[in-house]
Amino acid sequence: MGVEGATHHGFSPIIEALAQQQIDPESGLKYIVDSNNSPLKAGLFGWFHARVRAWGFLSPPELGDPAFVRRVVKEICPNDGKKHVLIEWTSFPSGHEDDKRTYRVHRQHEWLSMTPEEIADSDEALRQPANMTAFIEAYSPYVDIKFMVLSRPFLETIASHKRFDGGPEIHSNVIRGFLLILRRFLDAHPFDLVNGSRLWTLVCVERVMAKHYENAEDVKVARRNILFNLADFLGWPEGECPHCFDTWRDSRKDPLKVLSPHFVDILEDHKKLLDGLWPPPGEEGVVEQQCGL
């Protein structure tokens, strides 16, 4: 879970590789891992209308529709005696105003003239790409849900999509609106609604990047700690994963060079307004969860 620019594309393969390392101690079978599950995306976002019609619905119902939820769960949870891990990496917000993917709610043009608070309070933003409160309320009775919250330094986050929303200043307003949405959700839902376990954990993206360490050994230790923390949070038996970071590439963009001095000054002011809001608190005593901004 993260806003646009939080490196969800880069981090998702790490989780996928870690999941592929797992063997169920009860059955002795490897986990079945899927990071592009169409039925889940149909349930969350309203995509794949042809599939939805084949299930007997004229169009995608609302996310929490009970009959629709049961059908999605039937598709994503086969009764085969194996543990299935589905990874969803879509950002908040996601897509463009004219995106051809059939989101229930697309990116809204009106956000360009709204404050972050106005965006966060709008029904459209709460449902883009999907309403997370509705999701956990509808699906928690059937599946275990866990959120890995990605937090990347703010200027890097904005610089990565600096042309979105007409430019860095407006894009920053949109992203700050969604950071507020995410923080409200995280504060309201620290624990799983059914089993009481932790619902989310924090991943500090700068703690993954090699450029933030003095030598290769420090990088190796930090990344290993991050993986063991994630495996513990997820309740997975194996935290050791020698090849989990094989596809990871540090961003080489320097936001101070990518952005003009004019926009750097504006974004530094926006960054100050996030004090106390973002990042959310990491686990006390866990160095890799003490994120900067």
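Provided above is the structure to which this section pertains.
Below you will find a few notes about this structure. All of these numbers come straight from a predicted model, not from anything done at the bench. (Residues numbered from 1 in each chain as written. Predicted model: local features only at pLDDT ≥ 70, side-chain atom pairs only at ≥ 80, totals over all residues. Heavy atoms only, no water.)

It is worth spelling out a negative patch on the surface at this point. Residues Glu97, Asp98, Glu110 and Glu124 make up a contiguous surface patch of negative charge. Turning to its location among the elements, Asp98 is positioned in the loop between strand E2 (84–86) and helix H5 (116–120). Given the relative accessible area of 65%, Asp98 is considered exposed. (Patch = residues over 30% accessible without salt bridge, like charges linked within 9 Å, V, L, I, M, F, W, Y side chains within 5 Å. Areas by Shrake-Rupley, 256 points an atom, 1.4 Å probe, with all protein chains shown as cover. Salt bridge = Lys/Arg side-chain N within 4 Å of Asp/Glu carboxyl O. Lys, Arg positive; Asp, Glu negative; His and termini not counted. Charge placed at Lys NZ, Arg CZ, Asp CG, Glu CD. Helix = DSSP H or I, 4+ residues; strand = E, 2+ residues; numbered from the N terminus. Buried < 20%, exposed > 50% of the residue type's maximum accessible area, 1.4 Å probe, protein only.)

For helix H10 (residues 216–234), which comprises 19 residues, the first-to-last C-alpha distance of 27 Å matches the rise-based estimate of 27 Å (1.5 Å per residue) to within 8%. Val219, Ala222, Arg223, Ile226, Leu227, Leu230, Ala231, Phe233 and Leu234 are the residues of H10 that are buried. For H10, the elements touching its buried residues are helix H1 (8–20), strand E3 (147–151) and strand E4 (200–204). Taken from the residues just after H10, Gly235 is the one with a positive phi, measuring 75°. (Expected span 1.5 Å × (residues − 1). Contact = heavy atoms within 4.5 Å.)

What follows concerns the packing of helix H9 (residues 168–188) against helix H12 (residues 261–273). In contact at an axis separation of 10 Å, H9 and H12 are set at 15° when each is read in the N-to-C sense. Relative to H12, the element H9 lies roughly parallel. In this structure, the crossing between H9 and H12 has a hand that is right-handed. The segment H9 lies against H12, with Pro168, Glu169, Ser172, Asn173 and Arg176 engaging Phe263, Ile266, Leu267, His270 and Leu273. Its residues placed into classes, the contact of H9 with H12 shows five nonpolar, three polar and two charged. (Axes fitted to C-alpha atoms, helices over the stretch in contact; angles between N-to-C directions. Parallel < 35°, antiparallel > 145°, perpendicular 65-115°, else oblique. Left-handed = near helix turned anticlockwise from the far one by under 90°. Nonpolar A, V, L, I, M, F, W, Y, C, P; charged D, E, K, R; others polar.)

Moving on, we come to the side chain of Gln289. Here Gln289 shows up in the segment after H12. The class for Gln289 is buried, based on a relative accessible area of 7%. Of the polar contacts made by the side chain of Gln289, one reaches the backbone nitrogen of Glu283; its length is 2.7 Å. Leave out the neighbours within four places in its chain, and Gln289 touches Thr201, Leu202, Cys204, Gly282 and Glu283. (Polar contact = N/O pair within 3.5 Å; in protein donor to acceptor, adjacent residues only side chain to side chain.)

Inspection of the entire model under this criterion finds 10 aromatic pairs. Between the aromatic rings of Trp111 and Phe178, the centroid separation amounts to 5.3 Å while the plane-to-plane angle is 70°, which identifies the pairing as edge-to-face. Of the two residues, Trp111 sits in the loop between E2 and H5 while Phe178 sits in helix H9, which places them 67 residues apart along the sequence. It is Lys41 that lies over the ring of Trp89; its NZ or CZ is 4.8 Å from the centre. (Phe/Tyr/Trp six-rings, centres within 6.5 Å; stacked < 30°, edge-to-face > 60°. Lys NZ or Arg CZ within 6 Å of the ring centre and 35° of its normal.)

Glancing now at the nonpolar core. Judged by nonpolar contacts, the single largest core of 57 residues is most densely connected at Met1, Met132, Phe135, Tyr139, Phe147 and Phe178. Among the elements that line this core, the one with the most residues is H9, at nine residues. Ignoring anything within four residues of it in the chain, the contact list for Met1 reads Phe92, Met132, Phe147, Met148, Val149, Leu150, Leu182, Phe185 and Leu186. By size, the runner-up hydrophobic cluster in this structure holds 28 residues, among which are Ile15, Val205, Ile226 and Phe245. (Core = buried A, V, L, I, M, F, W, Y, C linked by side-chain atoms within 4.5 Å.)

Let us look at the environment of Tyr142. Structurally, Tyr142 is set in the loop between helix H7 (132–139) and E3. Excluding residues within four positions of it along the chain, Tyr142 makes contact with Val69, Arg70 and Val73.

As a further point, take the layout of surface pockets. Each pocket or cavity is described by its volume, and for the largest pocket that value is around 1200 Å³. Together, 39 residues line the largest pocket, and Val85, Leu86, Asp144, Ile145 and Lys146 are the ones closest to its centre. Of all elements in the fold, only H1, helix H2 (38–45), E2, H7 and E3 reach the threshold of two or more residues within the lining of the largest pocket. In terms of residues, the lining of the largest pocket owes the most to one element, H1, which gives four residues. Looking at the lining of the largest pocket, its residues break down into 27 nonpolar, seven polar and five charged. By volume, the second largest pocket amounts to about 420 Å³. (1 Å grid on protein atoms, 1.4 Å probe; cavity = no way out; pocket = protein on both sides within 12 Å on 5 of 7 lines; lining within 4 Å. Points joined across faces, edges and corners; volume = space filled by probe spheres on them.)

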